[in-house]
Amino acid sequence: MGTGNSQYISTFTESWSNPNVVPSVLDKPKHDSLEGFESGRQERQRKASEEDLYWAKIPPNRRDYCADHLIELQRCRKLNYPFLSKCEHYKHDWDHCQNEDTILRMKEFERERRLLKRDERKRLSEEAAME
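Because the structure is predicted, anything quoted here is derived from the model rather than measured.

Cut-off values and rules
Residues numbered from 1 in each chain as written. Predicted model: local features only at pLDDT ≥ 70, side-chain atom pairs only at ≥ 80, totals over all residues. Heavy atoms only, no water. Helix = DSSP H or I, 4+ residues; strand = E, 2+ residues; numbered from the N terminus. Buried < 20%, exposed > 50% of the residue type's maximum accessible area, 1.4 Å probe, protein only. Areas by Shrake-Rupley, 256 points an atom, 1.4 Å probe, with all protein chains shown as cover. Phe/Tyr/Trp six-rings, centres within 6.5 Å; stacked < 30°, edge-to-face > 60°. Lys NZ or Arg CZ within 6 Å of the ring centre and 35° of its normal. Expected span 1.5 Å × (residues − 1). Core = buried A, V, L, I, M, F, W, Y, C linked by side-chain atoms within 4.5 Å. Contact = heavy atoms within 4.5 Å. Disulfide = S-S within 2.5 Å. Salt bridge = Lys/Arg side-chain N within 4 Å of Asp/Glu carboxyl O.

Bringing the overall build of the chain into the picture now. Looking only at helices and strands, one finds four helices and zero strands in the chain. In sequence order, the secondary structure elements of the chain are arranged as α-α-α-α. A burial count over the chain gives 21% of its 131 residues as buried. Accessible area of the chain: about 10,700 Å², with a carbon and sulfur share of 55%.

Given below as C-alpha cells:
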C-alpha cells in the first residue's frame, strides 16, 4: 500500500526537480506508441459512434472508451425507473470499464515517463563521453 504513495510523491517531486523526464498529461506522447512492441499493438476503438452518444445525451466529458456501457446503463435506468437495482450489472460493467481504462492510462503514463528517463540518461552519457 505504501509503494503507491511513494511512487506518486517521487513522480510529483521529480516533475519539479527534472520536468523534462515527466510527461505532461495535456500533451501528446513524445514516443511512438508501437516502440518496443515487435508484433504491434491493438488500437483502442470506441464502440459507440458519435451519433449514438449525441442521441443518448452523453455529456462530452463522459465520451470515452466506456461510453457504450454508459448508454446501456442509462437505457436500463430509463426502462426500470423506480427499480434501479435491476441495473446493477450495467453499473458494474461501466465501473469495471472505467477502472480498466484508468489502469491502462496509468500504464501509458508510466511507460512514457520511463522512456523519457531513458532518453535523458542517453543524453547525459553522450555529453559525458564528449567531454
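All right, on to the packing of aromatic side chains then. All chains considered together, the criterion is met by one aromatic pair. Measuring from centroid to centroid gives 5.2 Å for Tyr54 and Trp55, while their planes differ by 75°, and the two rings are edge-to-face. Owing to a relative accessible area of 54%, Tyr54 belongs among the exposed residues under this scheme. A cation over a ring is seen here: Arg44 above Tyr65, with NZ or CZ 3.7 Å from the ring centre.

With that settled, consider the environment of Asn99. Its location among the elements puts Asn99 in helix α4 (residues 88–130). Using a relative accessible area of 43% as the deciding quantity, one classes Asn99 as partly exposed.

Spanning 13 residues, helix α3 (residues 67–79) covers 18 Å between terminal C-alpha atoms, matching the ideal 18 Å at 1.5 Å per step. For α3, every residue scored as buried is listed here: Ala67, Asp68, Leu70, Ile71, Leu73 and Cys76.

Residues Ala48, Leu53, Ile58, Cys66, Ala67, Leu70, Ile71, Leu73, Cys76, Cys87, Trp94 and Cys97 constitute the largest nonpolar core, which totals 12 residues. Counting only elements with at least two residues in this core, the list comes to α3 and α4. With five residues, the single largest contributor to this core is α3. When residues no more than four places from it in sequence are discounted, the contact partners of Ala67 are Leu53 and Arg62.

Per the counting criterion, the structure on display carries two disulfides. Bonded cysteines in the chain are paired 1-4, 2-3 when counted in the order they occur along the chain.

Take the pattern of salt bridges next. Following the criterion strictly, the structure yields 10 salt bridges and no others. When the shortest N-O distance is used, the salt bridge between Arg105 and Asp101 registers 3.3 Å. With a gap of four residues between them, Arg105 and Asp101 both fall in helix α4, about one helical turn apart. Taking relative accessible area as the criterion, Asp101 reaches 6% and is therefore assigned buried. For Glu110, the salt bridge goes to Arg113, with nearest N and O atoms at 2.8 Å.

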